[in-house]
Amino acid sequence: MNSSTDVLILGAGVNGLSIAYELCKRGKKVVVAEKAEIGAGASGSCDDMILLQSKKPGILLEMALGSLELFRSLREELPCDIELDTKGGMILIEDEEQLSLMEGFVAGQKSCGLEVEIVGRSRVKALQPLVSESVIASTYSARDSQVNPLLLMKAFYLGASERGLRLLRGAAPVSIEPRAGGWATRLASGEEIESGAVVNAAGAWASQVCSLLGFELPIIPRKGQVMVTEQIPPIGATNVWSAKYIASKLKPVAARREAAGAAQTPEERYGLGFAFTSTHSGNYLVGSTRENAGFDKGTDPEALALIGRQVRRFFPVLANVNFIRSFAGFRPSTTDGMPVIGEVAGRPGFFVAAGHEGDGIALAPITGKLVADLVEGRTPGYDLEKLSPGRFLGAKGA
Amino acid sequence: MGSGDEKHICRCEEVSEDEIRAAIRSGARTVQEVKRWTRAGMGICQGRTCRRLVERMLCEELGLKPGEVEVSSFRQPVRPVSLKSFED
Ligand SMILES: Cc1cc2nc3c(=O)[nH]c(=O)nc-3n(C[C@H](O)[C@H](O)[C@H](O)COP(=O)(O)OP(=O)(O)OC[C@H]3O[C@@H](n4cnc5c(N)ncnc54)[C@H](O)[C@@H]3O)c2cc1C
Ligand code: FES
């Protein structure tokens, strides 16, 4: 069983499907080979935020702003609704130390063109009447948005299928070898697919795919546990996070403590940070942890209790609310906190698009465009030097 | 189960038989994919009532035998838990 195509994409998460959609739109013949099923990775087990405020000023914030523009046109052109919504976001500040951290952060983002400000107690109360008295200030950006990742994957899939996409489930590659003018990939089913280009969009598993070609990338799973509440009336005007969450995203407390030789609290061990976001259906997503726990997908009572206590501390009114489900997902995490997007030197036609950590939903549309540009040999509209696989592979490439 | 009737397969999320058949016809191939596309199984009972029905519809639509449809897993908590139960 042999077939040939222009581009073979490995992984049917939000990024693989966004790339597939964009390439199909440009008239390419595309096959997606997915190890399990659509959304089996992080994209089926995550929050729904297009969070601009959490991005460090620089290429990631620029890409997130670009992505938000793309989301607005995708909403019009994709074949099903993606529940795109702009409610704004707040990062809750509980003490002076967090306040000065966030002041610096906000100043940097403003200089990058993001509308964001620090608001005092009375504005906090107006936007979040039910928040705890312990919150002394907050950041606020009206532009933070959200999208339903499950519907986004469905929409990319349907849109690409209309343009000829072939999607294979249960189809992990067993070998990927160079061929004249491209690559030959053999799947577990025995089918061999020849393609001009291969795109590795396997999220936290991307390094496993690279190892078929004899090299590795420092992309590892960073587990996040999340709880889902029953459907409740809206709690406030915006979605919220804690300044502590941003701090742990920028630099995990656990790592800092470990370096200082101090014992960790359970919160630190789990990399606990507060994220509280509403969904269209009225369920709230309450999170989350950031753990290095390998590929263990279980949720555990200790972590869920920490998450539960934390949300009650910020919103005491939730004491009477039930949570109906919990889940864990694997953020594809890199050692420098930046995704890997680019062609691998010495392996012409082999591209990586993975390692988006906690931003992969927000960045999916722009990732689709950039990778399609790279595959077509066009110069993308961003300087991708900082994202290139080469930064991890040294001068001689893979 | 004739098509066209508005019977709810998933009562918690009010997902009709037609919506589930439409999802399968447009490409959903597993219980999880149907759940992610339609919300069937995401309600307060976590699919206890509707999961089997969705499996059966996948079999019917795709001409599969019961064992060939992947079963979805339950996630903690098995019953809804009040946040009150997390005492400090
Ligand atoms: C708790 C949590 C909350 C999050 N919240 C947000 C948020 O609010 N906003 C945001 O932007 N991002 C968020 N993220 C991050 C986001 O979920 C990820 O960055 C994004 O989903 C990554 O998408 P992906 O397509 O690159 O990878 P994945 O979705 O992981 O997809 C990779 C796919 O590759 C498949 N695969 C694996 N191995 C192989 C192989 N050998 N061959 C073929 N296929 C293979 C997998 O089965 C999987 O389907 C969150 C993540 C978590 C865990
Ligand atoms: S009947 Fe479908 S979730 Fe309860």
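Residues numbered from 1 in each chain as written. Chains lettered and ligands numbered in written order. Predicted model: local features only at pLDDT ≥ 70, side-chain atom pairs only at ≥ 80, totals over all residues. Heavy atoms only, no water.

### Some thoughts on the overall build of chain A
- Each helix and strand in chain A was counted, giving 12 helices and 18 strands.
- For chain A, whose C-alpha radius of gyration is 21 Å, the value lies close to the compact-globule estimate of 21 Å for 398 residues.
- Its C-alpha atoms give chain A principal-axis dimensions of roughly 65 × 50 × 40 Å.
- In chain A, the share of contacts with a sequence separation of at least 24, taken over all contacts with a separation of at least 6, comes to 76%.
- As displayed, chain A has an accessible area near 14,500 Å², and 52% of this comes from carbon and sulfur atoms. (Helix = DSSP H or I, 4+ residues; strand = E, 2+ residues; numbered from the N terminus. Rg over C-alpha atoms; globule rule 2.2 N^0.38 Å. Contact = heavy atoms within 4.5 Å. Areas by Shrake-Rupley, 256 points an atom, 1.4 Å probe, with all protein chains shown as cover.)

### Focus on the overall build of chain B
- The number of helices and strands found in chain B is three helices and three strands.
- Secondary structure of chain B in N-to-C order comes out as β-β-α-α-α-β.
- Across the 88 residues that make up chain B, the buried fraction comes to 45%.
- If you sum the accessible surface of chain B, you get close to 4,700 Å²; carbon and sulfur atoms cover 50% of it. (Buried < 20%, exposed > 50% of the residue type's maximum accessible area, 1.4 Å probe, protein only.)

### Overview of the pattern of salt bridges
All names here are of chain A.
- For the structure on display, the rule yields 31 salt bridges over all chains.
- Two residues, E133 and R121, come together in a salt bridge whose shortest N-O distance is 3.3 Å. Residue E133 is located in the loop between α4 (121–127) and β6 (137–141), and its partner R121 is located in helix α4; the two are separated by 12 residues in the primary sequence.
- On the accessibility criterion, R121 (23% relative accessible area) is partly exposed. (Salt bridge = Lys/Arg side-chain N within 4 Å of Asp/Glu carboxyl O.)

### A closer look at the site of ligand 1
All names here are of chain A.
- In the vicinity of ligand 1, 36 residues are found, and the nearest of them are E34, S43, M49, E357 and A362.
- The side chain of E34 places a nitrogen or oxygen atom 2.6 Å from an oxygen atom of ligand 1.
- At a separation of 3.4 Å, an oxygen atom of ligand 1 approaches a polar backbone atom of G41.
- Among the elements of the structure, α1 (14–25), β12 (219–231), β16 (322–334) and α11 (360–376) are those that each provide at least two residues to the shell around ligand 1.
- Per-element accounting of the shell around ligand 1 gives the leading share, four residues, to β16.
- Of the residues in the shell around ligand 1, the class split is 17 nonpolar, 12 polar and seven charged.
- A domain-level breakdown of the shell around ligand 1 finds at least three residues from each of domain 1 (2–47 + 150–218 + 336–393) and domain 2 (89–142 + 220–334). (Near = heavy atom within 4 Å. Polar contact = N/O pair within 3.5 Å; in protein donor to acceptor, adjacent residues only side chain to side chain. Nonpolar A, V, L, I, M, F, W, Y, C, P; charged D, E, K, R; others polar. Domains from an automatic or database assignment.)

### A look at the packing of aromatic side chains
All names here are of chain A.
- Under the counting rule described, the total for this entry stands at 12 aromatic pairs over all chains.
- With a centroid separation of 6.3 Å and 85 degrees between ring planes, the pair formed by F215 and F350 is classed as edge-to-face. Of this pair, F215 sits in the loop between α6 (206–211) and β12 while F350 is found in strand β18 (residues 350–354), placing the two residues 135 residues apart along the sequence.
- Of the residues examined, F350 reaches a relative accessible area of 0% and is grouped as buried.
- One Lys or Arg, R313, reaches over the ring of F314 and ends 5.0 Å from the middle of that ring. (Phe/Tyr/Trp six-rings, centres within 6.5 Å; stacked < 30°, edge-to-face > 60°. Lys NZ or Arg CZ within 6 Å of the ring centre and 35° of its normal.)

### Some details on the packing of helix α1 (residues 17–25) of chain B against helix α3 (residues 51–62) of chain B
Residues and elements named next belong to chain B.
- Between α1 and α3, whose axes approach to 10 Å, the crossing angle comes to 50 degrees. With respect to their mutual orientation, α1 and α3 come out oblique. The two elements α1 and α3 meet at a crossing, and its hand is right-handed. Mapping the contact onto sequence places E17, I20, R21, I24 and R25 in α1 and V54, M57, L58, E60, E61 and L62 in α3.
- Taken together, the residues of the contact of α1 with α3 sort by class into six nonpolar, no polar and five charged. (Axes fitted to C-alpha atoms, helices over the stretch in contact; angles between N-to-C directions. Parallel < 35°, antiparallel > 145°, perpendicular 65-115°, else oblique. Left-handed = near helix turned anticlockwise from the far one by under 90°.)

### Section: the domain arrangement of chain A
Residue and element names in this part refer to chain A.
- Segmenting chain A into domains produces domain 1 (2–47 + 150–218 + 336–393) and domain 2 (89–142 + 220–334).
- In this assembly, 21 residues from domain 1 lie in contact with 18 residues from domain 2.
- For the domain 1 and domain 2 pair, buried surface summed over both sides reaches about 1,500 Å², with 54% attributable to carbon and sulfur atoms.
- Together, D47, A204 and E357 form the three largest contributors to the area buried by domain 1 at its contact with domain 2, with a combined 42%.
- Where domain 1 touches domain 2, the interface holds two salt bridges.
- As a salt-bridge pair, R222 and E357 come within 3.7 Å of each other at their nearest N and O atoms.
- Viewed at the interface, domain 2 and domain 1 are joined by eight residue pairs in polar contact (both at pLDDT 80 or more). (Buried area = accessible area lost by both parts, 1.4 Å probe.)

### Description of the pairing of β6 of chain A
Residue and element names in this part refer to chain A.
- With five of its five residues buried, β6 lies for the most part within the structure.
- The alternating pattern of β6 places A137, T139 and S141 and S138 and Y140 on opposite faces, both of which are buried.
- Alignment of strand β4 (residues 89–93) against β6, held across five bridges, turns out to be antiparallel. In the strand pairing of β6, G89 is matched with S141.
- Inspection of the sheet shows strand β5 (residues 117–120) paired to β6 by four bridges, in the antiparallel sense. Paired with G120 across the bridge in β6 is A137. (Pairing = 2+ DSSP bridges.)

### Some details on the interface of chain A and chain B
- Across the boundary between the two partners, chain A contributes 37 residues, which contact 25 residues of chain B.
- With both chains or domains summed, chain A and chain B bury close to 2,800 Å², and 51% of this area falls on carbon and sulfur atoms.
- The largest share of the area that chain A buries against chain B comes from F323, I324 and R325 of chain A, three residues that together contribute 22% of it.
- Summed over the shared surface of chain A and chain B, the number is one salt bridge.
- For the salt bridge of E33 of chain B with R169 of chain A, the shortest nitrogen-to-oxygen distance reads 2.8 Å.
- Every element with two or more residues in the side of chain A that touches chain B is listed here: α5 (149–162), β12, α10 (301–314) and β16 of chain A.
- When residues in the side of chain A that touches chain B are grouped by element, the largest group, seven residues, is from α10 of chain A.
- In terms of residue class, the side of chain A that touches chain B is built from 17 nonpolar, 11 polar and nine charged.
- Sheet topology note: the β16 of chain A/strand β3 (residues 81–82) of chain B ladder contains two bridges and is antiparallel. If you follow N322 of chain A over to β3 of chain B, its bridge partner there is S82 of chain B.

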